[in-house]
Amino acid sequence: MENKKIILGTAQFLNQYGIANINQKKISKNTFYKILNLSLKNGIKILDTANTYNNEKEIGNFIKANRVEKKIKIVTKIPSLKIIKKKNITKILEKSLKNLNIKKFHTIFFHDQNDIDFILENKFFFQKIKKEFGYPNFGISLYDKRVLKKIDKINLINCIQVPLNFLNDDFLKLKYKKNFKVFVRSIFLQGFLINEKINYKNLDKKTISAHKKYFIYLKKNNIDPLKFCLSFINSVRKFDHYILGTNSTSQLKEILQAKRSLNIDLIKLNEIRSLFKNSTLDPRKW
């Protein structure tokens, strides 16, 4: 995994995002900026953002203060059309550009895969949006691989954002159109796979039990959870971009050091997968 392919996720910045961060303090602005600085120094120049994360202005302040608007590229997401109106899409994108202190986006995704039908029915509207904002990549964030059949009908879409980790490889062996970009997310499953202490409040008993057994297994076999997750990613098919979230500079350093790990023990991989049988591993249900 090359650094230039890594995208820094920003959902957890100034937010309590992810099942592993619920009981922790929000990441401070100072820590946030240190992570951004370290990312840039290591060639990570793309940020995954969204209007709904409510931290665009802080990111924009960093970009302006450090004069890196020409270095940093921004991936943004249009909020679910269940909570916004079609007529407000342009306003939201314009507001994001202003907040972020940039002139254009690298990629625009629809945040909700259920909006695919709306895109199908409004192709000309989004062609107009694409022309107005002049961005090269337009796509949608997915959970369900069946939606790909509808995406194939939309030439306007040239990329998708999908989950991938050793417990969810639904999108791993699918065939994609030529020049179609795939952005991989949920490598750590919102921290579920790398943090022993998480909030069990919304998890069912089988998932809680599996998580506890998972960490007992890792300790018994002297396996580092972060390295194990990245080893799986590095051992399978290569994708265009990898979205990775982090809570500190020390964790980002760990990721940068571990991302080259290629050795995945298939026996241990299968044993770990068996621990999660019948568990609920869809973050939308947590």
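In this report, we go over the structure that sits alongside the text. What you see is a predicted model; the values in this text were computed from it and never measured.

Cut-off values and rules
Residues numbered from 1 in each chain as written. Predicted model: local features only at pLDDT ≥ 70, side-chain atom pairs only at ≥ 80, totals over all residues. Heavy atoms only, no water. Helix = DSSP H or I, 4+ residues; strand = E, 2+ residues; numbered from the N terminus. Rg over C-alpha atoms; globule rule 2.2 N^0.38 Å. Buried < 20%, exposed > 50% of the residue type's maximum accessible area, 1.4 Å probe, protein only. Contact = heavy atoms within 4.5 Å. Areas by Shrake-Rupley, 256 points an atom, 1.4 Å probe, with all protein chains shown as cover. Salt bridge = Lys/Arg side-chain N within 4 Å of Asp/Glu carboxyl O. 1 Å grid on protein atoms, 1.4 Å probe; cavity = no way out; pocket = protein on both sides within 12 Å on 5 of 7 lines; lining within 4 Å. Points joined across faces, edges and corners; volume = space filled by probe spheres on them. Nonpolar A, V, L, I, M, F, W, Y, C, P; charged D, E, K, R; others polar. Pairing = 2+ DSSP bridges. Axes fitted to C-alpha atoms, helices over the stretch in contact; angles between N-to-C directions. Patch = residues over 30% accessible without salt bridge, like charges linked within 9 Å, V, L, I, M, F, W, Y side chains within 5 Å. Lys, Arg positive; Asp, Glu negative; His and termini not counted. Charge placed at Lys NZ, Arg CZ, Asp CG, Glu CD. Polar contact = N/O pair within 3.5 Å; in protein donor to acceptor, adjacent residues only side chain to side chain. Core = buried A, V, L, I, M, F, W, Y, C linked by side-chain atoms within 4.5 Å. Phe/Tyr/Trp six-rings, centres within 6.5 Å; stacked < 30°, edge-to-face > 60°. Lys NZ or Arg CZ within 6 Å of the ring centre and 35° of its normal.

Moving on to the overall build of the protein chain. Along the backbone of the protein chain there are 10 helices and 8 strands. Relative to a compact globule of 286 residues, whose C-alpha radius of gyration would be 19 Å, the protein chain shows 19 Å and is just as compact. Summarising its shape, the C-alpha atoms of the protein chain cover approximately 55 × 45 × 35 Å along the three principal directions. Counting the 286 residues in the protein chain, one finds 54% classified as buried. Considering only contacts in the protein chain between residues 6 or more positions apart, those separated by 24 or more positions represent 73%. In the structure as shown, the protein chain presents an accessible area of about 15,000 Å², 48% of it carried by carbon and sulfur atoms.

This part takes up the pattern of salt bridges. By the definition in use, this model includes 9 salt bridges. Lys150 is the salt-bridge partner of Asp117, the closest N and O atoms lying 2.8 Å from each other. Of the two residues, Asp117 is situated in helix α4 (residues 116-121) and Lys150 in helix α6 (residues 148-151); the sequence distance between them amounts to 33 residues. A residue is classified by how much of its surface remains accessible, and Asp117, at 34% relative accessible area, is partly exposed. The salt bridge partner of Asp169 is Arg273, with a shortest N-O separation of 3.9 Å. Taken as a pair, Asp169 in the loop between β6 (159-163) and β7 (181-185) and Arg273 in helix α10 (residues 266-275) lie far apart in primary sequence, 104 residues in all.

Next up on the list: the layout of surface pockets. Estimated volume of the second largest pocket: approximately 300 Å³. Glu69, Lys70, Ile72, Lys73 and Lys104 are, among the 13 residues lining the second largest pocket, the residues nearest its centre. Among the residues forming the lining of the second largest pocket, the class breakdown is 5 nonpolar, 2 polar and 6 charged.

Moving on: the pairing of strand β1 (residues 6-9). With burial as the criterion, each face of β1 is covered, one bearing Ile6 and Leu8 and the other bearing Ile7 and Gly9. Sheet topology note: the β1/strand β8 (residues 241-244) ladder contains 3 bridges and is parallel. Each bridged residue has a counterpart across the sheet, and for Leu8 the counterpart in β8 is Leu244. Bridging between β1 and strand β2 (residues 46-48) involves 3 bridges; their strand directions are parallel. Of the residues in β2, the one forming a bridge with Ile7 is Ile46.

Let us now look at the sheet that holds β1. If you trace the 8 strands once around the closed barrel, you get β1-β2-β3-β4-β5-β6-β7-β8, paired in parallel fashion. For this sheet, the mean inter-axis angle between neighbouring strands, taken without regard to orientation, is 25 degrees. In this structure, strand β3 (residues 73-78) lies alongside strand β4 (residues 107-110), joined through 4 bridges in parallel fashion. If you follow Lys77 over to β4, its bridge partner there is Phe109.

On to unusual backbone geometry, then. If you check the backbone angles, Ser186 has positive phi at about 60 degrees while not being a glycine. Within the fold, Ser186 resides in the loop between β7 and α7 (205-220). Look at Ser186 and you get buried, because its relative accessible area is 17%. Its identity as a non-glycine residue notwithstanding, Gln190 has a phi of 55 degrees, on the positive side. Mapped onto the elements, Gln190 comes out in the loop between β7 and α7.

This part covers a positive patch on the surface. Side chains of Lys45, Lys71, Lys73 and Lys104 sit close together on the surface and give a patch of like positive charge. Looking at where Lys104 falls in the secondary structure, it is placed in the loop between α3 (89-100) and β4.

Mapped onto the secondary structure, Asn158 falls in the loop between α6 and β6. On the basis of relative accessibility, which here comes to 18%, the residue Asn158 falls in the buried class. In this structure the side chain of Asn158 is engaged in a polar contact, spanning 2.9 Å, whose partner is the backbone nitrogen of Phe138. In this view, Asn158 contacts Pro136, Asn137, Phe138, Asn179, Phe180 and Lys181; residues no more than four positions away in its chain are not counted.

Further remarks concern the nonpolar core. Counting 92 residues, the largest nonpolar core has Ile151 and Ile160 as the members making the most contacts within it. Counting 7 residues, the second largest nonpolar core, distinct from the first, contains Ile7, Val75, Phe183 and Ile243.

Under the definition given, this model contains 15 aromatic pairs. Aromatic side chains Phe110 and Phe138 sit 5.8 Å apart centroid to centroid with 80 degrees between the ring planes, which places their arrangement in the edge-to-face category. With Phe110 in strand β4 and Phe138 in strand β5 (residues 137-141), this residue pair connects regions lying 28 residues apart in the sequence. An aromatic cluster is built from Phe166, Phe192, Tyr214, Phe215, Phe228 and Phe276, whose rings are joined through pairwise contacts. Above the ring of Tyr143, the side-chain terminus of Arg185 is found at 4.6 Å from the ring centroid. We note Arg284 situated over the ring of Tyr143; from NZ or CZ to the ring centre the distance is 4.1 Å.

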